[in-house]
Amino acid sequence: MADERRMTTDRFFGGVDGRLSNLQVMLTYVHAEKPDQEDLWAWLQSNTAARSDSTIEKYVQFVRAIDLLERHDGTYTSTARGKAFADTGDPQLIFTALTEHVKGFETILLAIDSGARTIEEIQKHLHRMYPDYSLPTSIVGRHIEWFRAVGAIEKHDDMYLLTGFGQAEARKLDPDQWLDSGSETGEVNTPPSRRGSSKESTDLASLREQAERDATDSVSPNGQRTTTEYDRSDAIRQYVKRRADGVCEGCGDPVPFTNRRGDPYLHAHHVHEVAGGGPDSPETVIALCPNCHFRVHHGRDGAVYNRELIHRLGSIEDVPIEKILATEEL
């Protein structure tokens with residue numbers, strides 16, 4: 001069955017932080033007063049940052065498009081869902097309205113869940129899933145704004161992460177339906193957290209051999225991290241996580257939590273930036289807990305800590321530190 005949903009979203013007044021509260025108050029007013037267009041426009045200009053009639057028209061039309069607001073004979077009324085949100089302020093209602101009427105929200109959740117962290121990485125997943133649309137970052141950004149407004153995504157610097165609510169919603173989705181994360185040949189690459197076990201995955205030596213076969217001396221840079229890294233390093237990522245055996249290879253502590261399949265939650269960190277042309281091999285990838293991963297990328301001592309991780313990799317893989325350091329220059 002064809003997907004008849006629209007591809008684009010529009011904002012609502014209040015920015016990310018005040019959007020849902022403004023929407024709730026407006027829907028409460030509409031339900032109580034059943035205003036005509038002139039009254040609704042005047043109310044929005046008095047109670048929000050609305051100034052332009054064209055902006056009000058665009059935002060109200062979008063609220064209608066996601067089935068929160070109706071117009072009959074020139075009078076605005078709230079839908080059943082709009083009334084429920086006016087009464088409860090439950091962001092789940094808005095999340096459901098968005099996913100039912102707009103394409104792309106499922107793909108964004110699964111893209112972040114599978115490792116896409118920047119808006120450019122998320123955009124690449126959307127391009128793969130919806131190749132008939134141009135999807136500039138402005139469109140992706142508006143989707144992400146709504147996700148942040150309903151509390152499904154958090155922003156840390158230029159990176160996006162799922163909240164507990166976002167993870168719970170991603171858990172309900174089938175990646176084969178909503179995430180075409182394969183290479184240019186169309187091969188689908190299911191996120192590791194959703195893969196079933198295989199005979200090879202129970203054998204660390206077999207994983208190590210596969211990781212060696214997939215290793216590359218260099219990944220072509222393009223000025224930003226790309227999803228190519230995730231495609232190429234899947235076997236290596238599986239190997240280093242199995243190698244860690246539930247313990248962060250940075251701080252040495254047990255992982256703080258497990259993923260949905262009950263596996264230890266660890267990030268595979270490249271000690272030489274892949275996006276800058278660095279190598280992708282078992283000797284240059286280390287398994288980190290979320291705290292250590294954020295420390296190395298965003299901490300004040302991140303560069304120093306990354307060098308410390310290189311020394312730890314030398315001990316873990318039993319290779320000279322000089323060999324790992326030398327790969328940085330390749």
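Up top you'll find the structure we're talking about.
Student: Please explain the overall build of the protein chain as it appears in this structure.
Tutor: In terms of helices and strands, the protein chain carries 16 helices and six strands. Counting over 330 residues, the protein chain shows a buried share of 49%. Partitioning the intrachain contacts of the protein chain with sequence separation of at least 6 by distance along the chain shows that 64% fall at a separation of at least 24.

Student: Would you take a moment to explain the packing of helix α1 (residues 15-33) against helix α4 (residues 80-88) for this structure?
Tutor: Two numbers describe a pair of packed helices, the interaxial angle and the distance between the axes. Relative to each other, α1 and α4 sit at 115°, their axes nearing to 8 Å. Once α1 is placed against α4, the crossing between them reads as left-handed. Of the residues in α4, those in contact with L20, L23, Q24, L27, T28 and H31 of α1 are G82, K83, F85, A86, D87 and T88. When the residues that make up the contact of α1 with α4 are grouped by side-chain class, the tally is five nonpolar, five polar and two charged.

Student: How should I be thinking about the side chain of D10 in this particular structure?
Tutor: One can find D10 in the segment before α1. Since its relative accessible area comes to 14%, D10 is described here as buried. With residues up to four places along the chain from it excluded, the contact list for D10 reads K58, Y59, F62, R142 and W146.

Student: Looking at this model, I keep getting lost on the nonpolar core. Mind explaining?
Tutor: Across soluble globular proteins, nonpolar side chains have a tendency to be buried as a group. Ranked by internal contacts, the top residues of the largest apolar core, which has 57 residues, are L23, M26 and L44. Non-local contacts of M26, meaning those with residues more than four positions away in its chain, are made with F12, L40, W43, L44, V63 and L69. A287, C292, L313 and I321 belong to the second largest nonpolar core, which has 18 residues in total.

Student: How should the pattern of salt bridges be read in this particular structure?
Tutor: Where charged atoms from two side chains of opposite charge come close, those side chains can pair. This model, assessed by the stated rule, comprises twelve salt bridges. In this structure, E249 and R243 form a salt bridge, with 2.8 Å as the shortest nitrogen-oxygen distance. Overall, E249 belongs to the buried group, its relative accessible area being 10%. Residue class for R243 comes out buried when judged on its relative accessible area of 14%. Close ionic contact of E317 with R243 constitutes a salt bridge, the shortest N to O distance being 2.7 Å. A residue pair is termed long-range when its members are at least 10 positions apart, and E317 in helix α15 (residues 302-317) and R243 in helix α13 (residues 234-244) qualify at 74 residues. Residue E317 is classed as buried on the basis of its relative accessible area, which comes to 11%. It is possible to trace a salt-bridge network through shared partners that takes in D3, R5 and E106.

Student: Looking at this structure, I do not really get the packing of α1 against helix α8 (residues 137-149). What am I missing?
Tutor: Interhelical geometry of α1 versus α8 gives an angle of 70° and a closest axis separation of 8 Å. As far as their axial angle goes, α8 and α1 are roughly perpendicular. Where α1 crosses over α8, the two elements pack in a sense that is right-handed. Side by side, α1 and α8 meet where V16, R19, L20 and L23 of the first sit next to E145, W146, R148 and A149 of the second. Here the contact of α1 with α8 is composed, by residue class, of five nonpolar, no polar and three charged.

Student: Got a minute to help me understand unusual backbone geometry in this structure?
Tutor: Negative phi values dominate among residues other than glycine, just as trans dominates among peptide bonds. Positive phi is not limited to glycine here, since K34 has a value of about 50°. Locating K34 in the fold gives a position in the loop between α1 and α2 (37-47). Positive phi, normally seen in glycine, also occurs at D245, with a value near 55°. The topology assignment puts D245 in the loop between α13 and β5 (267-270).

Student: Mind showing me how you'd approach a negative patch on the surface here?
Tutor: Together, E33, D36, E38 and D39 line one region of the surface with negative charge. Position of E38 among the secondary structure elements: in helix α2.

Student: Got a minute to help me understand the environment of N306 in this structure?
Tutor: Relative to the elements of secondary structure, N306 occurs in helix α15. Along the backbone, N306 and H272 are 34 residues apart, and their C-alpha atoms lie at a distance of 8.8 Å. The contact partners of N306, leaving out residues within four places of it in the chain, are H269, V271 and V296.

Student: Would you mind showing me how to read the packing of aromatic side chains here?
Tutor: Between two aromatic rings, the relevant description is the distance of the centres plus the angle of the planes. Within this structure, the stated rule accounts for ten aromatic pairs. On the numbers, 5.0 Å between centres and 85° between planes, the contact of F105 with F147 is edge-to-face. With F105 in helix α6 (residues 105-113) and F147 in helix α8, this residue pair connects regions lying 42 residues apart in the sequence. Like F147, F105 is buried. Ring centres of F257 and Y265 lie 4.9 Å apart, and the angle between their planes is 25°; on these two criteria the pair is classed as stacked. On the accessibility criterion, Y265 (23% relative accessible area) is partly exposed. Following the ring pairs from residue to residue traces out a cluster consisting of F95, F105, F147 and F165. In this structure, R19 packs its charged tip against the face of W146, placed 4.7 Å from the ring centre. Between R295 and the ring centre of Y305, over which it is positioned, the NZ or CZ distance is 3.8 Å.

Conventions and cut-offs
Positions within a chain are numbered from 1, following the residues in the order the chain's sequence is written. pLDDT decides what is reported in this predicted model: residues at 70 or higher carry local features, side-chain atom pairs at 80 or more are listed and counted, and totals for whole chains, interfaces and linings draw on all residues regardless. Side-chain measures were taken over the full set of non-hydrogen atoms in the model, leaving aside hydrogen atoms and water. Numbering of helices and strands runs from the N terminus; a helix is a DSSP stretch of H or I covering at least four residues, while a strand is a stretch of E covering at least two. A 1.4 Å probe rolled over the protein chains alone gives each residue an accessible area, and that area as a share of the maximum for its type sets the label: buried under 20%, exposed over 50%, partly exposed in between. Note on definitions: a residue-residue contact is assigned when non-hydrogen atoms from the two residues lie within 4.5 Å. Lines fitted to C-alpha atoms define the axes here, with helix axes fitted over just the stretch in contact, and angles between the N-to-C directions of these axes take values from 0 to 180 degrees. The hand of a helix crossing depends on one turn: near helix anticlockwise from the far one by less than a right angle means left-handed, and clockwise means right-handed. In this classification, Asp, Glu, Lys and Arg are treated as charged, Ala, Val, Leu, Ile, Met, Phe, Trp, Tyr, Cys and Pro as nonpolar, and every other residue, Gly included, as polar. Remark: nonpolar core denotes a set of buried residues (Ala, Val, Leu, Ile, Met, Phe, Trp, Tyr, Cys) joined through side-chain atoms within 4.5 Å. Just to be clear on terms, a salt bridge is a Lys or Arg side-chain nitrogen sitting within 4 Å of an Asp or Glu carboxyl oxygen. Roughly parallel here means an angle under 35 degrees, roughly antiparallel means over 145, roughly perpendicular means 65 to 115, and every remaining angle is called oblique. Nonpolar side chains (Val, Leu, Ile, Met, Phe, Trp, Tyr) are joined into patches within 5 Å and like charges within 9 Å, using only residues with over 30% relative accessible area and no salt bridge. Residue burial considers only the protein chains on display, and all accessible areas are found by Shrake-Rupley using a 1.4 Å probe. Residues scored as positive are Lys and Arg, those scored as negative are Asp and Glu, and His as well as the terminal groups of each chain are ignored. Positions of charges follow a simple convention, taking NZ of Lys, CZ of Arg, CG of Asp or CD of Glu. Pairing of aromatic side chains here covers Phe, Tyr and the six-membered ring of Trp, requires ring centres within 6.5 Å, and sorts the geometry by plane angle: under 30 degrees stacked, over 60 edge-to-face, intermediate tilted. A ring is scored as having a charge over it whenever the NZ atom of a lysine or the CZ atom of an arginine sits within 6 Å of its centre and within 35 degrees of its normal.

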